[in-house]
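Here is how the chains run, residue by residue.
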Amino acid sequence: MTVRSSFVVVANRLPVDEVTTDEGRQWRRSPGGLVTALHPVLAEHKGTWVGWAGGTGEEAPEPFDLEGIHIHPVPLTANDLERYYEGMSNATIWPLYHDAVETPVFKRRWRESYRQVNARFAEAAAEVAAEGATVWIQDYQLQLVPAMLRERRPDLKIGFFLHIPFPPIELFMQMPFRAEILRGLLGADLIGFQQRLAAQNFVRLARHLLGLRYEGQVIDVDGRPVKAGAFPISIDVAEMERMAADPAVQARAKQIRAELGDPRMVILGVDRLDYTKGIELRLKAFRELLSDGKLSVPEAVMVQVATPSRERVEHYQTLRVKVEREVGRINGEFGRVGVPAVHYLHQSYSRTELAALYCAADVMMVTPLRDGMNLVAKEYVAARADTGGALVLSEFAGAATELRQSFLCNPHDPDGVKEALLRAVHVEHPEARRRMRLMQRHLRTHDVGHWARSFLNELGVPDVEAA
Ligand code: ADQ
């Protein structure tokens, strides 16, 4: 019998991983900010999470319970994965919503698959939601779900949160089935964005494309109010602070510095290997500073962690080649035997290893060309409770609105990036500490729990104080 919940989260991916232990194959909760934020609310309401469990069988695993949450898997076939996920989501919508920094690819058959998969998610959510329940849909892969769900279940309270930017009208208008996407989103009662500007883009688009009236951030959709608002996402600050203060993590940070040859200056980048993250331009800035003689090896070294990501999408394959070529060029020119200038790691790491890397870095470079928020920037600040370190941050990351005391730069201006990096490298300790403290103070009151509570309060969900 299907369990019916008063609170349902719908996201492309379930917050679980299948692992093999001595007792056979088991499900384990995967680490991640979203599940950390939503777990208390889900547990309180005996909530259900609807999403894909990984794997591409015709049948999804049977629903199961894990740590007080009902898990309701939705199947994706290999064909869905190629068209709905890698195609429409990651080769059309992702680049288009990120200022088209790579050219979006439009294909009819991807669109059809996106519709079909969104309908499947809406169907599953309709099945598990109790009468009058709250359903919170997440992100760009599922933009049609709000309207599809409302059609099936008009009794529900529906929220939607977009984790990536929402583009200006001129860009959004390139989308071939733009009105359908917009109507899909307007099926929600509340649509959350990372930035105020994104919410403004959205309400203006609703008027431009569908002629809908709005007042403030509330759009009138055939007499039904739909609110758009900014809810900047954050991290589990307390957890990152705890991890970074752990003596084992501190020891590992020291060891990392020693393994790097105890340089005076460790410059760090941590990103998914994605063309929006500005990895190449960061490497180029480092190379030019070495070439100008403003930095030198081995006093300064760079560590670039680039998590493998979307490896079957062509844009990502091309990017990998470009990044690896640049790393090779820098090391060829400026490295010595046993002393590379750039340590490049195309790998995934545990949370504690990441925390140790943050603690080991004198300067953190976060230079996306466009980013909804960027949690790495917030993680670095939270990890530096010792108030050491300096953050170079792109103005085009959502996080720049909050982390005002970072060394801000325009990633499209190579000289500006170089200048910001040099300022961070040379900042006096008292000044660096002052900046870090102010940013930490902000994050402590604006953690991921605060994000979830603000959104759900606005949506009118009772009892979210438990979150
Ligand atoms: P992402 O584009 O994935 O997220 P980001 O916000 O930086 O970008 O989050 C990445 C997460 O992955 C961080 O928590 C980071 O610690 C982790 N990570 C990165 N490299 C790793 C590695 N090698 N090993 C292990 N973990 C690694 C999207 C949007 C962002 C938005 C988030 C949340 O693009 O703008 O901030 O969603 O809404």
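Let us look at the structure shown here. (Residues numbered from 1 in each chain as written. Predicted model: local features only at pLDDT ≥ 70, side-chain atom pairs only at ≥ 80, totals over all residues. Heavy atoms only, no water.)

## Topic: the environment of K277
- By secondary structure assignment, the location of K277 is in the loop between β13 (265-272) and α10 (279-291).
- Residue K277 is classed as buried on the basis of its relative accessible area of 11%.
- Sequence separation between K277 and P368 is 91 residues; the distance between their C-alpha atoms is 3.8 Å.
- Look past the residues within four positions of K277 in its chain and what remains in contact with it is D271, R272, R282, T367, P368, L369, D371 and N374. (Helix = DSSP H or I, 4+ residues; strand = E, 2+ residues; numbered from the N terminus. Buried < 20%, exposed > 50% of the residue type's maximum accessible area, 1.4 Å probe, protein only. Contact = heavy atoms within 4.5 Å.)

## Comments concerning the pairing of strand β14 (residues 300-307)
- Taken across its eight residues, β14 has eight buried, putting it largely inside the fold.
- Burial of β14 is two-sided: the residues A300, M302, Q304 and A306 facing one way and the residues V301, V303, V305 and T307 facing the other way are all buried.
- In this sheet, β14 lies alongside β13 in parallel orientation, the contact comprising eight bridges. Of the residues in β14, the one forming a bridge with V266 is V301.
- Viewed along the sheet, the connection from β13 through α10 into β14 turns out right-handed.
- Bridge count between β14 and strand β15 (residues 342-345): four bridges; the pairing is parallel. From the neighbouring strand, V305 faces β15, where its bridge partner is L345.
- Since β14 and β15 lie parallel, the crossover through helix α11 (residues 314-334) that links them has a hand, and here it is right-handed. (Pairing = 2+ DSSP bridges. Right-handed = clockwise from strand over helix to strand, strands pointing away.)

## Points about the sheet that holds strand β10 (residues 214-215)
- On the basis of which strands lie adjacent, the open sheet formed by 10 strands has the order β5-β6-β4-β1-β7-β8-β9-β12-β11-β10 and mixed pairing. A strand with exactly one partner marks an edge of an open sheet, and here the two such strands are β5 (64-66) and β10.
- Both strand β1 (residues 5-13) and strand β4 (residues 48-52) contribute to a ladder of four bridges, which runs parallel. Bridging across to β4, V8 finds its partner in T48.
- Contacting β1, β7 (129-138), β8 (157-161), β9 (190-193) and β12 (224-230), helix α16 (residues 448-459) runs over the sheet at an angle of about 140° to β8. (Axes fitted to C-alpha atoms, helices over the stretch in contact; angles between N-to-C directions.)

## Thoughts on the pattern of salt bridges
- Taken as a whole, this structure holds 32 salt bridges when the rule is applied.
- Ionic contacts of the salt-bridge type, sharing partners, join the residues K284, E288, D292 and K418 into one network. (Salt bridge = Lys/Arg side-chain N within 4 Å of Asp/Glu carboxyl O.)

## A word on the side chain of R310
- Note on placement: R310 falls in the loop between β14 and α11.
- The exposure class assigned to R310 is buried, which follows from its relative accessible area of 17%.
- At 3.4 Å, the side chain of R310 and the side chain of N90 are in polar contact.
- Side-chain polar atoms of R310 contact the side chain of Y316, separated by 2.8 Å. (Polar contact = N/O pair within 3.5 Å; in protein donor to acceptor, adjacent residues only side chain to side chain.)

## Topic: the environment of E395
- Considering the arrangement of structural elements, one finds E395 in the loop between β17 (390-394) and β18 (407-409).
- Taking the C-alpha atoms as reference points, E395 and P368, separated by 27 residues in sequence, lie 8.5 Å from one another.
- Ignoring any residue separated from it by four or fewer positions in sequence, one finds E395 in contact with A400, L408, C409 and N410.

## Some thoughts on the site of the ligand
- Near the ligand, the surroundings consist of 22 residues, among which H163, T307, Y349, D371 and E379 are the closest.
- For the ligand, whose free accessible area comes to 720 Å², the fraction covered by protein is 84%.
- Secondary-structure elements contributing two or more residues to the shell around the ligand are β13, β14, α12 (351-360) and α13 (375-383).
- Partitioning the shell around the ligand into residue classes produces 10 nonpolar, seven polar and five charged. (Near = heavy atom within 4 Å. Areas by Shrake-Rupley, 256 points an atom, 1.4 Å probe, with all protein chains shown as cover. Nonpolar A, V, L, I, M, F, W, Y, C, P; charged D, E, K, R; others polar.)

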